[in-house]
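Reading the structure
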Amino acid sequence: RGLRSEKRRVLLKLSGEVFGGGAIGVNPDVVADVARQIREVADEAEIAIVVGGGNFFRGAELSQRGMERTRADYMGMLGTVMNCLALQDFLEQSGIETRVQAAIPMPQVAEGYIPRRAIRHMEKGRIVIFGAGAGLPFFSTDTVAAQRALEIHADEVLMAKNGVDGVYSSDPRTNPDAEKIDDITYDEALRRGLKVVDATAFSLCMDNKLPMVVFGMEGEGNLGKAIRGERIGTRVTG
Ligand code: UDP
């Protein structure tokens, strides 16, 4: 992994739901609170963040309602960038230096995605926020989180979820008998079709032996625990 500090390096995935507080658009109060939670642990790890955009648009949903899929996916990617800017703003207000890197060139708004520069930013104590997904239609930001984590040599990818606090034996929102799983392998999660994270992300991590933690955003301190590497949620390995 070359020269690097002793700090853990993590890639945190925040889904769009985190930014909207359950509604469409950005809820500044919610983003401010997320920034505060990250601030509390910012010195303890090198942190990069992949931001989702489901609080604005999901390409698959728009295409079901008549839009051409790839155009709809680009709308989805652009939505993630707005979330990035909101997060950047509140992190910087709390005294943390940040850089946004977007996979679609938009130089007034964000740097381009330059992995080695992203690593350098983290080494200097900055938080790097990745926007616009992979810049490719038909991908999800979960998959991008796995890819970015691999490319920046993160120790773990941390998938923050809303409304669910880990991987369950089936969907806990529809099945009251669903049981939470503390540890699982990628192979088993894929074989059992457990869908809290998309299959492409699981398989990319599996092929490259990158550990994943799936955890719930709800509950004070959860984000900090995940970033510090304390036991939380479900750990997926293998
Ligand atoms: N998207 C895409 N390519 C990417 C990342 C995202 O096309 O590399 C689009 C896709 O339409 C997706 C939307 O952006 O539905 C928002 O991302 P995602 O659904 O992953 O956000 P989240 O569910 O995490 O809020």
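Residues numbered from 1 in each chain as written. Predicted model: local features only at pLDDT ≥ 70, side-chain atom pairs only at ≥ 80, totals over all residues.

The protein chain carries the name Uridylate kinase in an unreviewed UniProt entry, which gives Sediminivirga luteola as its organism. The heading Pathway (unreviewed entry) in the UniProt record of the protein chain holds the text "Pyrimidine metabolism; CTP biosynthesis via de novo pathway; UDP from UMP (UMPK route): step 1/1." (UniProt positions renumbered as here; feature names shortened; annotations may be inferred.)

**Observations regarding the site of the ligand**
Around the ligand sit 21 residues, and of these G52, G54, G59, G76 and G133 come closest. Counting only elements with at least two residues in the shell around the ligand, the list comes to α1 (16–20), α3 (59–64), α4 (69–93) and α6 (141–151). Residues that form the shell around the ligand fall into these classes: 7 nonpolar, 11 polar and 3 charged. (Near = placed C-beta within 6 Å. Helix = DSSP H or I, 4+ residues; strand = E, 2+ residues; numbered from the N terminus. Nonpolar A, V, L, I, M, F, W, Y, C, P; charged D, E, K, R; others polar.)

**Quick notes on helix α2 (residues 28–41)**
Between its first and last C-alpha, α2 extends 21 Å over 14 residues, near the 20 Å set by a 1.5 Å rise per residue. Among all positions of α2, only V30, V31, V34, A35 and I38 are buried. One side of α2 holds all its buried residues, which, seen down the axis, span an arc of 135°. Contacts made by the buried residues of α2 are with α1, α4 and α9 (222–228). (Expected span 1.5 Å × (residues − 1). Buried ≥ 20, exposed ≤ 12 C-beta atoms within 10 Å, placed from the backbone. Arc of directions from axis to C-beta. Contact = placed C-beta atoms within 7 Å.)

**Remarks on the UniProt feature "domain: Aspartate/glutamate/uridylate kinase" (unreviewed entry) in the protein chain**
Under the local residue numbering, the UniProt record ascribes the feature "domain: Aspartate/glutamate/uridylate kinase" (unreviewed entry) to residues 10–215. When the span residues 10–215 is considered, its composition is 42% helix and 20% strand, and the gap between its end C-alpha atoms is 14 Å.

**A look at the sheet that holds strand β5 (residues 127–131)**
Spatially, β4-β3-β5-β2-β1-β6-β10-β11-β9 is the arrangement adopted by the 9 strands of the open sheet, whose pairing is mixed. Looking at which strands have only one partner, the edges of the open sheet turn out to be β4 (111–112) and β9 (183–185). Across 3 bridges, the pairing between strand β10 (residues 212–216) and strand β11 (residues 234–237) is antiparallel. Residue pairing in the sheet places V213 in a bridge with R235 of β11. (Pairing = 2+ DSSP bridges.)

**Considerations on the UniProt feature "binding site: ATP" (unreviewed entry) in the protein chain**
Within this numbering scheme, the UniProt entry marks K13, L14, S15, G16, G54, R58, N162, Y168 and D171 as carrying the feature "binding site: ATP" (unreviewed entry). Across 159 residues in sequence, these annotated residues place their C-alpha atoms as far as 23.8 Å from one another, rather than forming a single compact spot. Secondary-structure assignment places G16 in helix α1. A count of 24 C-beta atoms within 10 Å places G16 in the buried class. Those residues in contact with G16 that sit more than four places away from it in its chain are G52, G53, G54, N55, F56, G79 and N83. Discounting chain neighbours no more than four positions away, the residues touching Y168 are A178, E179, K180 and I181.

**So, the pairing of β10**
Regular strands show a simple pattern: their side chains alternate between the two faces of the sheet. β10 sits mainly inside the fold: 4 of its 5 residues count as buried. With 5 bridges connecting them, strand β6 (residues 156–161) and β10 associate as parallel partners. Note on β10: the bridge partner recorded for M159 is V214.

**Notes on the nonpolar core**
Counting residues in each nonpolar core, the largest one holds 74 residues, and the members touching the most others are L11, A48, I49, L87, V157 and L158. Among the elements that take part in this core, α4 stands out by supplying 7 residues, more than any other. Leaving out residues up to four positions away in the same chain, I49 has contacts with L12, L14, L87, I127, I129 and F130. (Core = buried A, V, L, I, M, F, W, Y, C linked by C-beta atoms within 7 Å.)

**Considering the environment of I152**
Looking at the element boundaries, I152 is found in the loop between α6 and β6. On the basis of neighbour count, I152 is assigned to the buried category, with 21 C-beta atoms found within 10 Å. Separated by 36 residues in the primary sequence, I152 and R116 have C-alpha atoms spaced 7.4 Å apart. Those residues in contact with I152, other than ones at most four positions away along the chain, are L11, A48, P115, A118 and I119.

**Some details on helix α8 (residues 199–208)**
Among all positions in α8, only A201, F202, L204 and C205 are buried. Seen along its axis, α8 keeps its buried residues to an arc of 165°; they face one direction. The inward-facing, buried residues of α8 contact α6, β6, α7 (186–191) and β10. K209 occupies a position one or two residues after α8 and carries a positive phi of about 55°.

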